[in-house]
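Structure at a glance
Residue-level listing of the chains:
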Amino acid sequence: MLHSGSRHIGNKLAQCHINTAKELAKLADTKLPDLDLAYFVTGTPEFAAYWRDLQWAQNYARFNQDVMMARFKRIVEKHLAGGKPTKPLLNVNCHHNYAEKEVHFGEEVYLTYSPA
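Residues numbered from 1 in each chain as written. Predicted model: local features only at pLDDT ≥ 70, side-chain atom pairs only at ≥ 80, totals over all residues. Heavy atoms only, no water.

So, the packing of aromatic side chains
What the rule picks out here adds up to six aromatic pairs. With a centroid separation of 5.8 Å and an interplanar angle of 40°, the aromatic rings of F40 and Y50 are classed as tilted. Here Y50 lies in helix α2 (residues 45-79) and F40 lies in the loop between α1 (9-27) and α2, a separation of ten residues in the sequence. Its relative accessible area of 15% is what places F40 among the buried residues. (Phe/Tyr/Trp six-rings, centres within 6.5 Å; stacked < 30°, edge-to-face > 60°. Helix = DSSP H or I, 4+ residues; strand = E, 2+ residues; numbered from the N terminus. Buried < 20%, exposed > 50% of the residue type's maximum accessible area, 1.4 Å probe, protein only.)

Some details on the pattern of salt bridges
Counted by the stated rule, this structure contains seven salt bridges. Put simply, K73 and E77 hold a salt bridge, and the shortest N to O gap is 2.9 Å. On the criterion of helical spacing, the pair formed by K73 and E77 is a turn pair, its members being four residues apart in helix α2. Residue K73 is classed as partly exposed on the basis of its relative accessible area, which comes to 31%. (Salt bridge = Lys/Arg side-chain N within 4 Å of Asp/Glu carboxyl O.)

Some points on α2
Between the first and last C-alpha of α2 there are 51 Å, a value that for 35 residues agrees with the 51 Å anticipated at 1.5 Å per step. Of all the residues in α2, the buried ones are F47, A49, W51, D53, L54, A57, Q58, A61, N64, Q65 and E77. (Expected span 1.5 Å × (residues − 1).)

So, in structure tokens, the structure goes:
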């Protein structure tokens, strides 16, 4: 098991977009119980920019994980398996910040998961 994220880049991008969403909510005088609940509307340039950056950060994190796992596997093969190739029994990839576009009942929806 290993962990690698976007190396803090994703957090910085998210903070920029969160600040933009808060500013837009203020400008639109959107009534929210807490400004931390500010959001983007799909189809807007702000949402498109957010989604582009989010996908970039997720892909970057995945690439980091793939590189780290390949290096780890080579070390295990060299030092523990006598140089023989190994095959993992199971590969599991689990995001701790995750977003995906899906289609439900013919309509596109955007799902996000980010634990507190």
